[in-house]
Structure formats: structure tokens, C-alpha cells
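# Commentary on secondary and tertiary structure
Single-letter residue listing:
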Amino acid sequence: MLSRAASLRRSTAAAFSTAAARPETGLYGFDVLRTAKGFRRFVDDAIERSDELVAYIGQLPPSAEIVRAMDEISNTVCSVIDSAELCRNTHPDKEFMDEADKASMRIYEHLQYLNTNTTLYNAILKAESEGVMLTEEARRAATTLRVDFEKGGIHLPKDKLEHVNHLNLEIAQLGRKFSENVMNKPGFVDIYPASRIPRNMQRHFKSIHSIKPWGDEEQRNQMDTTKQKGLRIVTDSGTLSTALRWVPDEEIRKQVYLVGNSEPRENITVLGKLINARDELAKTMGCKSYGDFAIRPNMAASVDVVMSFLKDLSGAVRHKAGEEFKRIQDFKRNVCNEKSAKLEPWDEDYFIGMMKSAVHNLDVSVVAAYFPLSQCLKGLNVLVESLFGATFHQIPMGDGESWHPDVMKLSLHHPDEGNLGFMYLDLYSRKGKYPGCAHFAIRGGRRLQDSNYQLPIVALVCNFSSSSKIMARLNHWDVETLFHEFGHALHSLLSRTEYQHFSGTRVALDVAETPSNLFEFYAWDYRVLRKFAVDETTGDPIPEKLVKALNASRNMFPATELQRQIFYSIMDLTLFGEQGSKPMDTISTVADLRRKHTSWKCVEGTHWHTRFTHLINYGAGYYSYLYARCFATTIWQEVCQGDPLSRSTGSALRDKFLKHGGAKDPSALLKDFVGDSIIINSGGGIIPDISSLCKEVGL
């Protein structure tokens, strides 16, 4: 098994050409991180350097140098924050995780000090008011920095400012506790006998045994027992999804659904405290709700604008989603031969999967045969080479730079421009690792004083299953996920901003998910897939007929999925909207919203939202996924769909969108890229045009 795994890793690595070895260094290339305790020095150095820069800025006259020096403070602090965040979510060594966790809290406390530093605030006020910024990006940076300071309450009286600092720290700690509970307390269901689950599914779950007594009491007293084999289904999000999709026994699906959507119970209290703390913060800052506080700097500008957009979209999709629900229910009744059978929440994934397979004859193993991981990584190379004329090269890492043997480091190289940035790939699931898929920034790009460019460094983290690791194959959902996160990575790698404050994904929340949503379309396009999706035994490219079947399957229930995303967004805004005189009962609130905005009922006693970590990372901002989907669909249809891999398409993507990061006003950026129709002014804010999305969904 070890030799097989090693050969598969070599196969994966062979997707890229290799460059010369690098000298010995520390974690992520930071010399200070050669040991876990290096995080302490990392924080000390960052605090010392930022204090030096604060003193330096205090002596400067109003000038663009103030913005540059403040961006260097941000670069120094963010290097620690981002490295610690990646480490505590992915490093297999508990000492590294613990030290990263401590470093994260220490540097966050220092960041609070910087965000309330009057020397910095007064300097940026003067620089902005006296018009000394010579470029559009410098002027935007000055304004953004001032707004960030004021969002931290620096303009408030001292007592209120201290209260805001306390609330921000409490909010950070509650968010961390919420996420830790999701990771550490997923719940589980034990199934006996193991034969209740099909043999081909059993490898996804943990084998367990119990001592089963046989015969009468006298025989049991004589210890006439035998072992009975069972399976433990740990109800983390990935395993829960697998069980609900593939296990035919409805009683098992019901059990795992109930447990998976009732853990972690501790987060009911954590979420309640978080809602209260965020609401108090917003009120202290003069806003009527945390939602308005969070959305005010974005394109949408207010909760009312977003909620109106979401409710209109909910109304538009309701009829089609209702028709889809009836089709699924009728299918269940036919399969079960029960005319009055009701469609339960634990039925959705299972029967939708059955319907798709029945109509389009899709065999998961057949599809996966065309997506060996090494070929999927070649697909990333196909994208960057076709679109941007660049290629990925694998870079051997020095001792201490990597955090796991499976991690690879790649450079994105352009023949005329040299290296554009660096990306770590950490693709397989393992115990204790961040359970989802994500793009982590490690270092942002920025123009240095000597006119050289600080190249961005990112990590693309996925959790492909151990079975995928053994077989080195991905299902198509995994491929779409890989392309989604790769869209984020490209945003970071290809941006060329003067300030790291605007590098890559550091953009307005409304637009942040647009590149990732856009590159999902590439995972479904035959013209793209045929370039890399090949059968590993025959070398034959994926048949066009199979790709058409995949797309037809994807488009069977589009309104149901869109309705779900609308519900998530409305729930998020409601939880962090205006609060009543009594504490909110989040369980009943979410249940009511589910009944109102979807066709599916809510099961009493469940509270799935207590593991919905987007409430932490995107509090009052989950709507941005729908904004991004609208923008991405329009960009795909108007810019990319005609010739998705052409150099002209790539040039438009890079030059008009990706390279600007957050350095341009997002509404102006979108209009310059696609045209005025992509956005609509509404109620003092901006909403996306939904016509392209409606066309895609068939509304």
C-alpha cells in the first residue's frame, strides 16, 4: 500500500515540470517558522516592525508614502495572521497547531491596537484630505484605510472605543469556538449489522464490532457470544453527504440526518452569544443591525437592498422549485409503491441521485475513470496555458517548508514575465485537518520600493477522500470544487496591485466569489474537459455524449438548488438583522424561514444552522454567493462561452478583471469588463442583473 501511494504521488507530481531545489527554510518559506515555537518570534517580530512603522508614519508629512508604509504594516501583520490560520487548520502536528492558534489570538489583539491607533488614523485623514495621492489606486487605498479605521470605532469616545474593542475580541473568540465545535463534535451513528449498508459503500465508514450474546440466559452466562460487525457513520459534512446520497435504507438515512443536523448542540448557545455581540457592536457604531453594519461598505450598501433582491428572486423561483419537488415526491412514491408516501428531508439527495442516474444512465465509477487526479491537475495547466500563456512548475521544497508529505508547491511561470506567484496544493483529507475545501492566502502581492514585485503565495486546500487517494480518481463534483477553489487562487496569483491591501481576493465581499463561480463553468464545458479528462487505462478522452449527460443531469433540478441558496442568504440576513426585545430563538426562526422560502419541511429538534460555518466567515454576507453567481453567469455567457480557452478570452479576464484585485471600484470594474447591464442601481445600492442566471436556470 505504501509503495502504491508513493507511486500515485509521483503520478500526481508528474502533472507538472519541475524546477531546481530550494535551500532549507521554515514553514511556508518563512525562516522563523523552522519550529512550532517560531510562531512566538514571528508575532514578536511583526509587532516590533509594525511599531517601528507607526513611529515612522507619525513623522511623515501628508504624502503617498503614508499609504505605502501603512500597507507594509498590513503586509507584516497579515503574513502572521494568514500563516497561523493555514497552520492551525491543516498542520498534522498538534504543537504547530497550538502555537499557531496562540499566535493568531496574539496578533489579532495587536491588530485591534493598530486599528485604533490615532497616529495612523490622523495621518491617513491628512493625506486623504490634502489630495496628495497621485494615482487612483493610492486614493482608493487612503479612503479604504480610513473607512477600515472608522469601522473599528476609532472616531468614537474613549469608553465606546474600548467597548468596541472588547466586542470585536469576543466576536473573534465566539467565531473560533463555533468552528472548533463543528470540527470536533460532528456526532455519529452506529449501524448493526454492517450488511444494512451495501458492500461497495462500506469503505466510506468506520468498521466497529460489538459482542452479541446468543441463546438463552444460561448460555449467555457461559459467555457463548460472537462478534457482530457494524459500521460507524461519523456525521461530519462530507460523510453525512455521502450517506444521504447513496445509502438505500431510509431508516439509516433518517438516523444520520437527525444526528448530523442536531450537532454540535453547544453551538446554539455560541450562536446566540455571537448574534448579541454583533448586534451590540452595530448599535454602538450607530447602525440599526449588524447586517447593515457589515453590508454598508459593499456594493449592496444596505440590508433592505439585499433582502428585496432575495425576496424577488425567491418569488421568481418558487413555482419551478415547487414543480421539481412534486417530481421528486412522485418518483419516491413510484419507487416505494406507496401513493401517499411523503418526501422527507433525508430523501432529497438520495432520490434526486436516483432520478439523475435513471434518466441519464450515469455511473459514478465510469465518470471518475476520466478524472484521475494527475489529469485534473494537468487540467489546471491547460487553463493557465491556454488563457494566459503561463505554466505551472513543481518546486521541490526545503526541509521544514511543507507541513505534510502530500503537499506540493508550484510556481506559475510566464515565458515573458517570469514567475507570477506560488501555490501550495494540499488535496487529501486526513484526521484533524480543515474539513472543507478552501483557498488560503499566505502572502499578498504588492509593488516594492525598488520597483520589484512581491509575488503572491497561496495554498489550495481540498479534502478528497482517502479512497480517491488510493485510486487517484475524482468524481465530477470534486472536479468542480477543485476548479472553484482554483478560481480564487488565480485571482490571487494574477492580480498586480500596488498594495497588498488590494491583492487578489481582498475585494468587496459582493464580488469576491465571482472568479471561483466563473471557473466552475469550465469544469462543465466539453471543449475544456476533452483537453485533460482521459481514461487512464485507454488514454481515450472523455466522450462528448458523457459530458452532455453530466450537464443534463446537472440541469434537472436547478430551481431547487437556487431556492436553497436564497434560503441560506435570507436566513443569514435574518439572524444578523434587527433584533427584538427578547433573545432570538434561532431554531424556530430558521424553521419558519425554511417553510416560507423552500418546499421542504423542517424536522423538529434539528438545527443544521449550528454547523453552518458561513455564519462566522460571511456573517450577513452569504448573499454574496448569489451576487457572484449572477455576475459569473453573465461573464461566462457574454465573454467566455464563445471560446472559453482562447488567449483573447484570457486577456480579457486577466487585464480587465483579475489583475485589479480590489484596486478598482467593483461596480466600475464589472461595467468596464462586461458592460453597464451587468449591475442595476436599486434603493441606494447595487444589485446584479439576474437575466443570465434566469436563462441558465430556465426561469
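All of these numbers come straight from a predicted model, not from anything done at the bench. (Residues numbered from 1 in each chain as written. Predicted model: local features only at pLDDT ≥ 70, side-chain atom pairs only at ≥ 80, totals over all residues. Heavy atoms only, no water.)

Below, the discussion takes up the overall build of the protein. Along the protein, the regular secondary structure elements total 29 helices and 13 strands. Taking 27 Å as the expected radius of gyration for a compact globule of 699 residues, we find that the protein reaches 26 Å, a close match to that expectation. Counting only C-alpha atoms, the protein reaches 90 × 65 × 60 Å along its principal axes. The buried share of the protein, reckoned over its 699 residues, is 55%. Expressed as a percentage of contacts within the protein between residues at least 6 apart in sequence, the contacts between residues at least 24 apart total 73%. (Helix = DSSP H or I, 4+ residues; strand = E, 2+ residues; numbered from the N terminus. Rg over C-alpha atoms; globule rule 2.2 N^0.38 Å. Buried < 20%, exposed > 50% of the residue type's maximum accessible area, 1.4 Å probe, protein only. Contact = heavy atoms within 4.5 Å.)

As a further point, take the environment of C336. Take C336: it is sitting in helix α13 (residues 303-336). It is 22 Å that separates the C-alpha atoms of C336 and R199, two residues lying 137 residues apart in sequence.

Turning to unusual backbone geometry, a few remarks are in order. Of note, the bond from Y192 into P193 is cis; its omega dihedral lies within 30 degrees of zero at -15°. By the secondary structure assignment, P193 is in the loop between β2 (188-191) and β3 (206-213). Residue E263 is joined to P264 through a cis peptide bond whose omega torsion reads -10°. Within the element layout of this structure, P264 appears in the loop between α10 (250-260) and α11 (266-284). Positive phi, close to 75°, is recorded for S451, a residue that is not glycine.

Mapped onto the elements, T242 comes out in helix α9 (residues 237-246). Sequence-wise, T242 and H204 are 38 residues apart; in three dimensions their C-alpha atoms are separated by 8.0 Å. Setting aside residues up to four positions removed in sequence, T242 forms contacts with M201, H204 and V247.

Attention shifts here to the confidence of the model for the protein. Per-residue pLDDT for the protein has a mean of 91; in total, 94% of the residues score no lower than 70. When mean pLDDT is taken per element in the protein, helix α2 (residues 38-58) scores highest with 98 and helix α1 (residues 2-13) scores lowest with 41. (pLDDT = per-residue confidence, 0-100.)

With that settled, consider the domain arrangement of the protein. Taken as a whole, the protein is organised into domain 1 (27-155), domain 2 (187-212 + 226-260) and domain 3 (367-504). Measuring from the centre of the C-alpha atoms in domain 1 to the corresponding centre in domain 2 gives 47 Å. (Domains from an automatic or database assignment.)

Centre distance and the angle of the planes are the two values used to describe a pair of aromatic rings. What the rule picks out here adds up to 32 aromatic pairs. Residues F657 and F673 carry aromatic rings whose centres are separated by 5.5 Å and whose planes lie at 10° to one another, so their mutual orientation is stacked. Taken together, the positions of F657 in the loop between α27 (647-656) and α28 (666-673) and F673 in helix α28 put the pair 16 residues apart, joining distant regions of the chain. These aromatic residues form a ring-pair network of at least three members: F567, Y568, W608, F612, Y618, Y622 and Y625. The residue whose ring lies beneath R245 is W246, and the NZ or CZ to ring-centre distance is 3.8 Å. Over the face of the ring belonging to F422 we find K409, whose NZ or CZ atom lies 5.1 Å from the ring centre. (Phe/Tyr/Trp six-rings, centres within 6.5 Å; stacked < 30°, edge-to-face > 60°. Lys NZ or Arg CZ within 6 Å of the ring centre and 35° of its normal.)

Moving on, we come to the pairing of strand β13 (residues 685-688). Taking every second residue as pointing to the same face, both faces of β13 are buried, with G685 and I687 on one and I686 and P688 on the other. Across 4 bridges, strand β12 (residues 679-682) lies against β13 in antiparallel orientation. Its bridge partner lying in β13, I680 is registered against I687. The loop that links β12 with its antiparallel partner β13 comprises 2 residues; one of these, G683, has a positive phi angle of about 60°. (Pairing = 2+ DSSP bridges.)

Next up on the list: the pattern of salt bridges. It is possible for side chains bearing opposite charge to pair when their charged atoms get close. In the structure shown here, the tally under the stated rule is 40 salt bridges. K185 is the partner of E266 in a salt bridge, and the nearest nitrogen-oxygen pair spans 3.1 Å. In this pair, E266 sits in helix α11 while K185 sits in the loop between α7 (158-184) and β2, placing the two residues 81 residues apart along the sequence. Using a relative accessible area of 37% as the deciding quantity, one classes E266 as partly exposed. One salt bridge connects D330 with K326, and the closest N-O pair in it is separated by 3.0 Å. Note that D330 and K326 are positioned in helix α13 at a spacing of 4 residues, about one turn of the helix. Here D330 falls in the partly exposed class, since its relative accessible area comes to 27%. Each member of the salt-bridge network shares a partner with another, and the members are R49, E52, E65, R68 and E72. (Salt bridge = Lys/Arg side-chain N within 4 Å of Asp/Glu carboxyl O.)

Right, let's get into α7. Over its 27 residues, α7 extends 39 Å from the first C-alpha to the last, a length consistent with the 39 Å expected when each residue adds 1.5 Å. Regarding α7, the residues found buried are L161, V164, L167, N168, I171, L174, G175, R176, F178, N181 and V182. Along its buried surface, α7 packs onto α3 (64-90), α4 (94-115), α11 and α25 (614-617). (Expected span 1.5 Å × (residues − 1).)

Counting buried positions along strand β11 (residues 457-464) gives 8 out of 8 residues, so the element sits mostly inside the fold. Alternating residues of β11 divide into I457, A459, V461 and N463 and V458, L460, C462 and F464, and every residue in both groups is buried. Sheet analysis places strand β8 (residues 438-443) next to β11, joined by 5 bridges and oriented antiparallel. Residue pairing in the sheet places F440 in a bridge with A459 of β11.

What follows concerns the environment of T116. With respect to the helices and strands, the residue T116 is situated in the loop between α4 and α5 (118-129). Counting along the chain gives 34 residues from T116 to E150, while the straight-line C-alpha distance between them is 8.7 Å. When residues no more than four places from it in sequence are discounted, the contact partners of T116 are G152, I154, L161 and N165.

Let us look at α5. Each α-helix turn comprises 3.6 residues. Residues three or four places apart therefore point the same way. For α5, built from 12 residues, the straight-helix expectation of 16 Å at 1.5 Å per residue is met to within 8% by its first-to-last C-alpha distance of 16 Å. Every buried residue of α5 is listed here: L120, Y121, A123, I124 and A127. The buried side chains of α5 occupy one side of the element, clustering within an arc of 165° when seen end-on. α5 presents K126 and S129 as exposed residues on the side facing more than 90 degrees away from its buried surface. Its buried side turned inward, α5 meets α2, α3, α4 and α6 (136-151). Where α5 begins, one side-chain oxygen reaches toward the backbone nitrogen of T119, 3.0 Å away; that side chain belongs to N117. (Arc of directions from axis to C-beta. Polar contact = N/O pair within 3.5 Å; in protein donor to acceptor, adjacent residues only side chain to side chain.)

Here we take up the side chain of T649. If you trace the backbone, T649 turns up in helix α27. Side-chain polar atoms of T649 contact the side chain of S646, separated by 2.8 Å. Excluding its chain neighbours within four sequence positions, the residues that come into contact with T649 are L387, Y522, V639, C640, D643 and P644.

A word on the side chain of D510. Mapped onto the elements, D510 comes out in helix α19 (residues 509-512). Buried charge without a partner: D510 forms no salt bridge, and the closest opposite charge is R140, 9.2 Å away. A distance of 2.6 Å separates a polar atom in the side chain of D510 from a polar atom in the side chain of Y623. The residues touching D510, leaving out its near neighbours within four places in the chain, are N298, M299, A300, Y623, S624, Y627, A628 and F631. (Lys, Arg positive; Asp, Glu negative; His and termini not counted.)

Here the focus is the state of the cysteines. Here the structure, examined in full by the defined rule, presents 0 disulfides. A disulfide-free cysteine, C640 has its sulfur positioned 16 Å from the sulfur of C630, the nearest such atom. (Disulfide = S-S within 2.5 Å.)

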